[in-house]
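What follows is each chain in one-letter form.
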Amino acid sequence: MNPIQIPWLSAIIFLPLVASLAIPFIPDKDGKTVRWYGLGVAFADFALMIFALWQGYDFQSSALQMTESYAWIPQIGFNWAVAIDGLSMPLILLTGLINTLAVFAAWKVTNKPRLFYALMLVMYSAQLGVFLAQDLLMFFLMWEIELVPVYLLISIWGGKNRRYAATKFIIYTAAASIFILVAGFAMAFYGDDFTFKMTELGMKEYPQALELSLYTGFLIAYGVKLPIFPFHTWLPDAHGEASAPGSMVLAGVLLKMGGYALIRFNVEMLTDAHVVFAPILAILGVVNIVYGACCALAQTNLKRRLAYSSIAHMGFVLIGIASYTEIGISGAVLQMLSHGLIAASLFFLSGVTYERTQTLMMDKMGGMAKVMPRTFALFTIGSMASLALPGMSGFVGELMVFLGIGTSDVYSSSFKVVVIFLSAVGVILTPTYLLSMLRQVFYGKQSKDLHLDTVVADVKPRELFITACLLLPIVGIGFYPKLATQTYDVKTVEVAAHARQVLPVVARQEPFNLYSQIFTAPTLASSPTLASSEFVNISE
């Protein structure tokens, strides 16, 4: 039988979900059997994912592959439609790795272990569904299903203020989801053909006002998840209260759903509106970088500092998406992959530190390098990757974004200089707050309340294995970026080319007189790769 005919993608999505339903029936008194079961299912799904891609995925094709489509509720045009391409493929591999390691990281969970591992598997399944869905209603369903496990994981296994953080998370993200539903129905109902199929929605030609409204709705919805300032305030609270496995998935996968959706919907499907919003994305990216770095520097809580660091790093994704260049969009995708690995490792290590000290307040730590030298070494490697040290994946991703916006022929020189300069300020602040974090936690005088010399044990083999699984690809991509970029380069080239095709046409159209009253966009400079037409300033 031809491997491509097997419904690999559906199997990958359903395996964790179906397996979670069996957990209540597993005989287990102390949670040990359930945790091995959860880890086995997560690993099996990750292995199945790799095998399926090895059998049926073509790295040289930018088209949707391994496509599956089944009529689910035909009366409303709701289909189970899944497929994979260069944009989703690396992200589902990231999802598989992070979730498997997060389940392994939750080895010491003793409070309601059945419910915990069941929620982890349901969340795993929903995340895969988001990246693989090719029906907008199915995408929305998976997007919503993922919210419930995250809410419960924070509210039950979180810190002292877990209910506040969980409630804030669900309010922000559920409210933002309304914009996906409204915009999705507007796209489906527009025109002669009613459909939720994303490929068909992307081929429709929407009126200018409608397309701008759709883009705005999606930007708000996905901006909350990324997150984009000022929709970011739920993230530090969620990270500050979530357990280490929850934070790993939250930073490693959930934020990437926002970046993925921005490229999939806003850039690919609403290309005309992207011309108008691209400068705003670049500016919001700069705000994320500088604001996130400044806020991180002011935090005394270890996980809140890392949370604001995530906000700053997601700013580079926005700038890359706005660059209109192949290398810039490629850099945005690489930044998502890189940050997923780096953030997961740092949040896991912060959990390791918390287990030993029972505090996340950095001013109550200190001197831990002497008794936890291996933890200190791993934390240092992760921090160096986060501050974009050459030889680490973070450096490659940020460099590609800088090159993308710097070489873009779409923006005026003055606009590019301002964006690059202010982004560089954030880059300079990053080592400041990360090295300060290392100093406060691992150097200085030991806190008498911690009793480090008698209580604290260094990182254990299981913890070392989890961290190594995250740090090795970080270093590997840093030295040989093609390990990651070859999985999606064909797709990002196509996305950039598709986005650039509309520039000469849209630059001459007219929502810009009204638009310029609220924001002055940069000049669209002429480009030898486009038509020889003269571009006009879209603020005129």
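Just so it is clear, the structure is predicted and the values come from calculations on it, not from any experiment. (Residues numbered from 1 in each chain as written. Predicted model: local features only at pLDDT ≥ 70, side-chain atom pairs only at ≥ 80, totals over all residues. Heavy atoms only, no water.)

1. Side note on the overall build of the protein chain
Helix and strand counts for the protein chain come out as 22 helices and two strands. Here the protein chain has a C-alpha radius of gyration of 23 Å; the compact-globule value for 540 residues is 24 Å, and the two agree. When its C-alpha atoms are laid out on the principal axes, the protein chain stretches across 75 × 55 × 40 Å. Counting all 540 residues of the protein chain, 61% fall into the buried class. A separation of at least 24 residues holds for 80% of the contacts in the protein chain among residues at least 6 apart in sequence. For the protein chain, the computed accessible surface area is about 20,500 Å², with 67% contributed by carbon and sulfur atoms. Taking the 32 positively charged and 32 negatively charged side chains of the protein chain as two groups, their mean positions are separated by 16 Å. (Helix = DSSP H or I, 4+ residues; strand = E, 2+ residues; numbered from the N terminus. Rg over C-alpha atoms; globule rule 2.2 N^0.38 Å. Buried < 20%, exposed > 50% of the residue type's maximum accessible area, 1.4 Å probe, protein only. Contact = heavy atoms within 4.5 Å. Areas by Shrake-Rupley, 256 points an atom, 1.4 Å probe, with all protein chains shown as cover. Lys, Arg positive; Asp, Glu negative; His and termini not counted. Charge placed at Lys NZ, Arg CZ, Asp CG, Glu CD.)

2. Remarks on the packing of aromatic side chains
Scanning all chains against the criterion turns up 31 aromatic pairs. Ring plane angle 85° and centroid distance 5.2 Å describe the contact between Phe-131 and Tyr-260, whose orientation is recorded as edge-to-face. With Phe-131 in helix α4 (residues 113-132) and Tyr-260 in helix α10 (residues 244-267), this pair connects stretches of sequence that are 129 residues apart. Across the pair, Tyr-260 and Phe-131 agree in class, each one buried. Measuring from centroid to centroid gives 6.1 Å for Phe-185 and Phe-189, while their planes differ by 25°, and the two rings are stacked. Residue Phe-185 and its partner Phe-189 are both found in helix α6 (residues 162-189); the two are separated by four residues, about one turn of the helix. Of the residues examined, Phe-189 reaches a relative accessible area of 56% and is grouped as exposed. An aromatic cluster is defined as three or more aromatic residues linked by ring pairs; in this entry it consists of Phe-139, Trp-143, Phe-218, Tyr-222 and Phe-265. Cation over ring: Lys-225 sits above Trp-143, and NZ or CZ is 4.9 Å from the ring centre. (Phe/Tyr/Trp six-rings, centres within 6.5 Å; stacked < 30°, edge-to-face > 60°. Lys NZ or Arg CZ within 6 Å of the ring centre and 35° of its normal.)

3. Some details on a nonpolar patch on the surface
There is a patch of nonpolar side chains on the surface, built from Trp-72, Ile-73, Ile-76, Leu-141 and Ile-145 and spanning about 380 Å² of accessible area. Elements that contribute at least two residues to the nonpolar patch include exactly β1 (65-73) and α5 (136-157). Position of Leu-141 relative to the elements: it lies in helix α5. Given the relative accessible area of 31%, Leu-141 is considered partly exposed. (Patch = residues over 30% accessible without salt bridge, like charges linked within 9 Å, V, L, I, M, F, W, Y side chains within 5 Å. Salt bridge = Lys/Arg side-chain N within 4 Å of Asp/Glu carboxyl O.)

4. Concerning the pattern of salt bridges
Pairing between side chains of opposite charge can happen when the charged atoms of each approach one another. Across all of its chains, the model carries 14 salt bridges by this definition. Across the pair Asp-85 and Lys-491 runs a salt bridge, and its minimum N-O distance is 3.3 Å. Highlighted residues: Asp-85 in the loop between β2 (78-84) and α3 (89-105) and Lys-491 in helix α20 (residues 489-501), separated in sequence by 406 residues. Pair check on accessibility: Asp-85 and Lys-491 agree, each one buried. Of the charged contacts in the structure, one is a salt bridge between Asp-237 and Arg-304, with a shortest N-O distance of 3.0 Å. Of the two residues, Asp-237 sits in helix α9 (residues 234-241) while Arg-304 sits in helix α12 (residues 302-322), which places them 67 residues apart along the sequence. Classification of Asp-237 as buried rests on a relative accessible area of 14%. Under the relative-accessibility criterion, Arg-304 is labelled partly exposed at 23%. Connected through shared salt-bridge partners, Asp-85, Arg-264, Glu-268, Lys-491 and Glu-494 make up one network.

5. A short note on the packing of α3 against α10
Where α3 contacts α10, the axes come no closer than 8 Å and their chain directions differ by 165°. Our classification of the angle between α3 and α10 gives roughly antiparallel. Both α3 and α10 take part in a crossing whose hand is left-handed. Across from Leu-91, Leu-94, Thr-95, Ile-98, Asn-99, Leu-101, Ala-102 and Ala-105 in α3, the residues of α10 making contact are Pro-245, Met-248, Val-249, Gly-252, Val-253, Lys-256 and Tyr-260. Grouping the amino acids of the contact of α3 with α10 by side-chain chemistry returns 11 nonpolar, three polar and one charged. (Axes fitted to C-alpha atoms, helices over the stretch in contact; angles between N-to-C directions. Parallel < 35°, antiparallel > 145°, perpendicular 65-115°, else oblique. Left-handed = near helix turned anticlockwise from the far one by under 90°. Nonpolar A, V, L, I, M, F, W, Y, C, P; charged D, E, K, R; others polar.)

6. Thoughts on the pairing of β1
Taken together, the six bridges between β1 and β2 define a ladder with antiparallel strand orientation. For Ile-73, the partnering residue across the bridge sits in β2 and is Phe-78. Between β1 and the antiparallel strand that follows it, β2, lie four residues; Gly-77 among them carries a positive phi value of about 70°. (Pairing = 2+ DSSP bridges.)

7. Comments concerning α12
Side chains of residues three or four places apart in an α-helix project in the same direction, reflecting 3.6 residues per turn. Counted at 1.5 Å a residue, the expected span for α12 with its 21 residues is 30 Å, and the 32 Å between its end C-alpha atoms agrees. Burial analysis of α12 places 20 of its 21 residues in the buried class, which makes it a mostly covered element. For α12, the N-terminal capping position is held by Asn-301, with its side-chain oxygen 3.0 Å away from the main-chain nitrogen of Lys-303. (Expected span 1.5 Å × (residues − 1). Polar contact = N/O pair within 3.5 Å; in protein donor to acceptor, adjacent residues only side chain to side chain.)

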